[in-house]
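Chains, contacts and geometry: an overview
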Amino acid sequence: MTYARFLGLFVVVPILFLAWRYRRTFTARSLAPMGLLLIVVYAATSPWDNLAVKWGLWGFDPERIWGIKLGYLPLEEYLFFGLQTLLVGLWAQARLARALAPDAQASRPAAETGERRDGALTAREVAP
């Protein structure tokens, strides 16, 4: 399997699913911090990954990449940095938006949320 096909199947398809599933949750303002996160990811990951390939710690099969390299890394590796960050960021943001929605906790019955009305801790709250 080529690197691009792997990215398409296991990273791009889930991103598209999340974008479609939570399209009402995502706004330009809510996605803006992801831009800063992407800058940090590329700045932190690119240098050491390039050095690791240069020093022979790992490499990329020329038969499985497009052949476009930036430094010592194929383009697909840079796409992986960004796409994986987007995948995790979109998933985390969708989960947080759902969990923090004002009516989400209030509308769910106590048995479903694990809350007790007498103020005692539940097993979920006590367990690590």
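These lines cover the structure that appears in this document, whether it is placed above or below.

1. Some thoughts on the overall build of the protein
The number of helices and strands found in the protein is 6 helices and 2 strands. Seen in sequence order, the protein has helices and strands lined up from the N terminus as α-α-β-β-α-α-α-α. Contacts spanning at least 24 positions in sequence make up 60% of the contacts within the protein whose residues lie at least 6 apart. A total accessible area of about 9200 Å² is found for the protein, and carbon and sulfur atoms account for 66% of it.

2. A closer look at a positive patch on the surface
Side chains of Arg-21, Arg-23, Arg-24, Arg-95 and Arg-98 sit close together on the surface and give a patch of like positive charge. Topologically, Arg-98 is positioned in helix α3 (residues 75-100).

3. Focus: the pattern of salt bridges
Here the structure, examined in full by the defined rule, presents 1 salt bridge. Here Arg-64 makes a salt bridge to Asp-61, at a shortest N to O gap of 3.5 Å. Accessibility expressed as a relative area gives 42% for Arg-64, which makes it partly exposed. Using a relative accessible area of 39% as the deciding quantity, one classes Asp-61 as partly exposed.

4. Side note on α3
An ideal rise of 1.5 Å per residue puts 38 Å on 26 residues; α3 measures up with 37 Å between its terminal C-alpha atoms. Along α3, the residues that are buried comprise Glu-76, Glu-77, Tyr-78, Phe-81, Gly-82, Thr-85, Leu-87, Gly-89, Leu-90, Gln-93 and Ala-94. Residues of α3 that are buried make contact with α1 (3-21), α2 (28-54), β1 (69-70) and β2 (73-74).

5. A look at the packing of aromatic side chains
Evaluation of the coordinates by the stated rule reveals 7 aromatic pairs. Both rings, one in Phe-6 and one in Phe-10, keep their centres 5.1 Å apart while their planes meet at 45 degrees; by these two values the pair is tilted. Of this pair, Phe-6 and Phe-10 both sit in helix α1, 4 residues apart, which is roughly one turn of the helix. Summarising the aromatic geometry, the rings of Trp-48 and Trp-58 are spaced 6.0 Å apart at their centres and angled 85 degrees between planes, so their arrangement reads as edge-to-face. Taken together, the residues Trp-48 in helix α2 and Trp-58 in the loop between α2 and β1 connect sequence positions 10 residues apart. We classify Trp-58 as partly exposed; its relative accessible area is 36%. Of the aromatic side chains, those joined through ring pairs into one cluster are Tyr-42, Tyr-78 and Phe-81. Over the aromatic face of Tyr-22 sits the side chain of Arg-21, whose NZ or CZ is 4.8 Å from the ring centroid.

6. A word on α1
For α1, built from 19 residues, the straight-helix expectation of 27 Å at 1.5 Å per residue is met to within 8% by its first-to-last C-alpha distance of 26 Å. Residues Tyr-3, Leu-7, Val-11, Ile-15 and Leu-18 constitute the buried set of α1. Looking at the packing, one finds that the buried side of α1 touches α3.

7. Remarks on the nonpolar core
By size, the foremost hydrophobic cluster in this structure holds 12 residues: Tyr-3, Leu-7, Val-11, Ile-15, Leu-18, Tyr-22, Phe-26, Met-34, Ile-65, Leu-87, Leu-90 and Ala-94. Secondary structure elements with two or more residues in this core: α1 and α3. A per-element tally of this core places α1 first, with 5 residues. The residues contacting Leu-18, other than those within four sequence positions of it, are Arg-23, Phe-26, Leu-87, Leu-90 and Trp-91. Core analysis: the next-biggest nonpolar cluster, separate from the first, contains 5 residues, Val-41, Val-53, Tyr-78 and Phe-81 among them.

Definitions and limits used
Residues numbered from 1 in each chain as written. Predicted model: local features only at pLDDT ≥ 70, side-chain atom pairs only at ≥ 80, totals over all residues. Heavy atoms only, no water. Helix = DSSP H or I, 4+ residues; strand = E, 2+ residues; numbered from the N terminus. Contact = heavy atoms within 4.5 Å. Areas by Shrake-Rupley, 256 points an atom, 1.4 Å probe, with all protein chains shown as cover. Patch = residues over 30% accessible without salt bridge, like charges linked within 9 Å, V, L, I, M, F, W, Y side chains within 5 Å. Salt bridge = Lys/Arg side-chain N within 4 Å of Asp/Glu carboxyl O. Lys, Arg positive; Asp, Glu negative; His and termini not counted. Charge placed at Lys NZ, Arg CZ, Asp CG, Glu CD. Buried < 20%, exposed > 50% of the residue type's maximum accessible area, 1.4 Å probe, protein only. Expected span 1.5 Å × (residues − 1). Phe/Tyr/Trp six-rings, centres within 6.5 Å; stacked < 30°, edge-to-face > 60°. Lys NZ or Arg CZ within 6 Å of the ring centre and 35° of its normal. Core = buried A, V, L, I, M, F, W, Y, C linked by side-chain atoms within 4.5 Å.

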